[in-house]
Amino acid sequence: MRAQLLKSATINLHRHTATPASVSGCISELSYHAQHPALLHSLLLPLLRQLGEQSRWQLWLSPPHKLNRHWLQQSGLPLAKSIQVASLDTCSDVRAMTKALRSGNFSVVMAWLPDHLTIAEREDLELAAKEGCTLGLIMREENGFVYPGRQENRLKIQSPLLH
């Protein structure tokens, strides 16, 4: 069943990314546990490989670890079309992501941003993604720390297929 879901997702993704004119940019958020990378490998890597077939670049903005050239090649990601920009600061990262999305030079912009984006910042990112026909992924590394007094507002899917 898991293979069918991935195949279906890949087919649907291919339909939407076949030509630049059919691409509509958007922002999505992906939370993951660094200790359990299976979800990232089974969902994110096929998406990035598919987007790597476009002539545009892939931007990794402020990842927690430096990209490894060998890992990119081994994962089937486009080494020649991948750019990593080290962390600046929160405000600069949000502005950089907005500019990158709007430019249309990237098939995907992945950014490790803080939890506390304002409504205006999120709306700016959405608009920039649509203008640039670019997929924006806001990456969130879960560390298991619960903020006291703060309600958890993320959807958690508990399924044996995802663990």
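Residues numbered from 1 in each chain as written. Predicted model: local features only at pLDDT ≥ 70, side-chain atom pairs only at ≥ 80, totals over all residues. Heavy atoms only, no water.

In the nomenclature of an unreviewed UniProt entry, the chain corresponds to Cell division inhibitor SulA from the organism Tatumella punctata. In UniProt, the chain has this text filed under Sequence similarities (unreviewed entry): "Belongs to the SulA family." (UniProt positions renumbered as here; feature names shortened; annotations may be inferred.)

A. View of the packing of aromatic side chains. Going through the model one piece at a time under the given rule, you end up with two aromatic pairs. Ring centres of Trp60 and Trp71 lie 6.2 Å apart, and the angle between their planes is 85 degrees; this geometry places the pair in the edge-to-face category. Of the two residues, Trp60 is situated in strand 2 (residues 57–61) and Trp71 in helix 3 (residues 69–74); the sequence distance between them amounts to 11 residues. Here the aromatic rings of Trp60 and Trp112 are separated by 6.3 Å at their centres, their planes lie at 15 degrees, and the arrangement is stacked. (Phe/Tyr/Trp six-rings, centres within 6.5 Å; stacked < 30°, edge-to-face > 60°. Helix = DSSP H or I, 4+ residues; strand = E, 2+ residues; numbered from the N terminus.)

B. Spotlight on the environment of Leu125. Topologically, Leu125 is positioned in helix 5 (residues 119–132). Residue Leu125 is classed as buried on the basis of its relative accessible area, which comes to 0%. A sequence separation of 27 residues divides Leu125 from Thr98, and the C-alpha atoms of the two residues are 5.3 Å apart. When residues no more than four places from it in sequence are discounted, the contact partners of Leu125 are Ile27, Val94, Met97, Thr98, Leu101, Leu113, Leu117 and Ile138. (Buried < 20%, exposed > 50% of the residue type's maximum accessible area, 1.4 Å probe, protein only. Contact = heavy atoms within 4.5 Å.)

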